[in-house]
Amino acid sequence: MPIPNTARASLRCGISPATAALVASAYLKDLIDAGYLEPEKSVLACDPSKLVRARKKVMDDSRRSRNEDSNLKKIVGMGYDGRKDAYTRSMVVDNSGKLKMNIISEEHVSVTEEPSGRYLSHFVPEEPNLKEKPAFKVAEALYEILLQNDSLDSLQILMGDSTNQNTGWRGGTHAHLEKLIKRKLFWAICSIHTNELPLRHLIKSVDGNTSSGKGFMGPVGSLLSKVNDMEYDPNFMALSSGEDLIELSKDIEKSLSTDQKICYRLVKAVKSGVLPINLQDMKCGTLNHARWLTTGQKLVFLWTRKHGLSGKNLETLEILVKFCLQYYFKLYFDSIRL
C-alpha cells in the first residue's frame, strides 16, 4: 500500500522514519482495538524501511514537478530570507577524528520565486574566507540557483529584508549579486521589516537602549517583560488621534497569526477607549529584538495597565504608544492588506 501522505507528514514535522512508523502503527492498533478495523488488518503496520523508500519517492516526485514547472518560465522575481537555527543536527568531527552527531548553530536560507511565492530552493551559505563577507557567500548561492534555472538574464526583481547584510550599497547581498550578473536589479525590500526600524530608533532615543536579545534598559522598556502580570486599569485614557486602522477583509483577518489578530483588535480598542473583556486578561507574546511586533503590542497593552509611571516617564510611554497607534501598526496592517 502506498503511503505518500505519511511520508510527507514525517518530512514536514522533521521526525525520523522509525518514529513516524511507530506512530502510524500505533494509530493502526488503536483503530483495531476500537473495532473500526478487523484484527487481520494488523499486517498493514508501517515498516520504517518502507517509509524511507516512500520519503525518497515523494521528494523525487516533488523535485521532478518543481523542475517541470521551472522549465515553463524563467525567474523574473526572486525572494530570499535566512534565519539562524541554533538546534541543527549535524555530523561533526570530534577531537579523535571520528564523526559524531552534534547540535550546531547554522544559517538556513530559503529562496522563492516571486510574485507566486513558489519554493525554489534552500541552502546553507558557505563559510567566507578572511577576505570575504557572509553576504558575498549568500549572493554566490543565489547566483547558482539562477544559473540552474537558466534565469541569469531574466531576473528583474530581488526581494529581501532591510538588514545591512542584504542591502548594504557596496557589501550587501543585493549589491554582490548585481556584480555577479553584471547588471542592476530592482530591490524590493520587505516593508514590514523596514517599518520596524523607526520604532526601534524611537525607543532608543526617548527611553533607552536594548539589553541582550530580548530586554530594554529604559524605565518604560524595562516594564514590558512584566506587563502580563500587571493589573488592568479600567480608567486608561483613549488615544483616538490619527487615522484609524484600515478595515481588513474577513479572509485576511482569518489568515493573521495570533499576535497579529491581538494587535489589530488591541489598537482599535485603545483608540476607542473600550477594552473588551477577552483583551483585558490576554497574554502578550514574547519579546524579541528580531521581531518588533510583540514590542509594539506590549507597549500598547502597557497603556491599559496599572503601570505606576508618572511625570516624564509617563510622557515617554504616551509618545511610544501614540507612535505605535498612528504609525507603526497603521503601516503594518496597510502592508498586510497589500
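Bear in mind the structure is a predicted one, so any value in this text is a computation, not a measurement.

Asker: I'd like to hear about the overall build of the chain, residue by residue, with values.
Answerer: A count of helices and strands for the chain gives twelve helices and seven strands. Taken over C-alpha atoms, the radius of gyration comes to 25 Å for the chain, far larger than the 20 Å a tight globule of 338 residues would show. By its C-alpha atoms, the chain is 70 × 65 × 50 Å across when sized along the principal axes. With 338 residues in all, the chain has 38% of them scored as buried. Across the chain, contacts joining residues at least 24 apart in sequence account for 64% of those joining residues at least 6 apart.

Asker: An account of unusual backbone geometry is requested, with residue identities and associated values reported.
Answerer: In this model, glutamate 114 is joined to proline 115 through a cis peptide bond whose omega is 15 degrees. With respect to the helices and strands, proline 115 occurs in the loop between β2 (99-114) and β3 (118-123). A positive phi angle, close to 65 degrees, is found at lysine 182, a residue other than glycine. Assignment of secondary structure puts lysine 182 in the loop between α6 (173-181) and β5 (186-189). Residue lysine 182 is classed as exposed on the basis of its relative accessible area, which comes to 73%.

Asker: Residue-level account of the packing of aromatic side chains, with values.
Answerer: Inspection of the entire model under this criterion finds eight aromatic pairs. Plain terms: the ring middles of phenylalanine 216 and tryptophan 292 are 5.9 Å apart, the flat faces sit at 75 degrees to each other, and that makes the pair edge-to-face. Here the residue phenylalanine 216 occupies a position in strand β7 (residues 215-216), and tryptophan 292 occupies one in the loop between α10 (277-280) and α11 (293-303), the gap between them amounting to 76 residues. One exposure class covers both phenylalanine 216 and tryptophan 292, and it is buried. Pairing tyrosine 332 with phenylalanine 333 gives two aromatic rings, centres 5.3 Å apart and planes at 75 degrees, and the pair type is edge-to-face. Of the aromatic side chains, those joined through ring pairs into one cluster are Tyr264, Tyr328, Phe329, Tyr332 and Phe333.

Asker: Could you give an account of the packing of helix α9 (residues 258-272) against α11, naming the residues involved and the relevant values?
Answerer: Close contact between α9 and α11 brings their axes to 10 Å; oriented N to C, the two are set at 35 degrees. In the crossing of α9 with α11, the sense of the turn from one axis to the other is left-handed. Here α9 contributes Asp259, Gln260, Ile262, Cys263, Leu266 and Val270 to the contact with α11, which in turn contributes Leu293, Thr294, Gln297, Val300, Phe301 and Trp303. Partitioning the contact of α9 with α11 into residue classes produces eight nonpolar, three polar and one charged.

Asker: Residues and numbers for the layout of surface pockets, please.
Answerer: Quantified by volume, the largest pocket comes out at close to 1,200 Å³. What lines the largest pocket is a set of 44 residues, among which Asp81, Gly82, Arg83, Asp161 and Thr163 lie closest to the centre. The element best represented in the lining of the largest pocket is β2, accounting for eight residues. Class assignment for the residues of the lining of the largest pocket results in 18 nonpolar, 13 polar and 13 charged.

Asker: Account for helix α12 (residues 311-337), naming residues and giving values.
Answerer: In this model, α12 (27 residues) spans 38 Å end to end at C-alpha, consistent with the 39 Å of a helix rising 1.5 Å per residue. At cysteine 324, α12 shows its maximal kink, close to 45 degrees. Regarding α12, the residues found buried are Thr316, Leu317, Leu320, Val321, Phe323, Cys324, Leu325, Tyr328, Phe329, Lys330, Tyr332 and Phe333. Next to the buried residues of α12 lie α7 (191-206), α9 and α11.

Asker: Residues and numbers for the sheet that holds β2, please.
Answerer: Pairing is mixed across the open sheet formed by five strands, whose spatial order is β3-β2-β1-β4-β5. Every interior strand has two partners, whereas the edge strands, β3 and β5, have only one. With strand direction ignored, the average angle separating the axes of adjacent strands in the sheet is 30 degrees. Summarising the sheet, strand β4 (residues 157-160) and β5 pair through four bridges and their orientation is parallel. Bridging across to β5, leucine 158 finds its partner in tryptophan 187. Along the sheet, helix α4 (residues 134-148) contacts β1 (77-93), β2 and β3; its crossing angle with β3, the most-contacted strand, is approximately 135 degrees.

Cut-offs and rules
- Residues numbered from 1 in each chain as written.
- Predicted model: local features only at pLDDT ≥ 70, side-chain atom pairs only at ≥ 80, totals over all residues.
- Heavy atoms only, no water.
- Helix = DSSP H or I, 4+ residues; strand = E, 2+ residues; numbered from the N terminus.
- Rg over C-alpha atoms; globule rule 2.2 N^0.38 Å.
- Buried < 20%, exposed > 50% of the residue type's maximum accessible area, 1.4 Å probe, protein only.
- Contact = heavy atoms within 4.5 Å.
- Phe/Tyr/Trp six-rings, centres within 6.5 Å; stacked < 30°, edge-to-face > 60°.
- Axes fitted to C-alpha atoms, helices over the stretch in contact; angles between N-to-C directions.
- Left-handed = near helix turned anticlockwise from the far one by under 90°.
- Nonpolar A, V, L, I, M, F, W, Y, C, P; charged D, E, K, R; others polar.
- 1 Å grid on protein atoms, 1.4 Å probe; cavity = no way out; pocket = protein on both sides within 12 Å on 5 of 7 lines; lining within 4 Å.
- Points joined across faces, edges and corners; volume = space filled by probe spheres on them.
- Expected span 1.5 Å × (residues − 1).
- Bend = angle between axes of the 7 residues up to and from the residue.
- Pairing = 2+ DSSP bridges.

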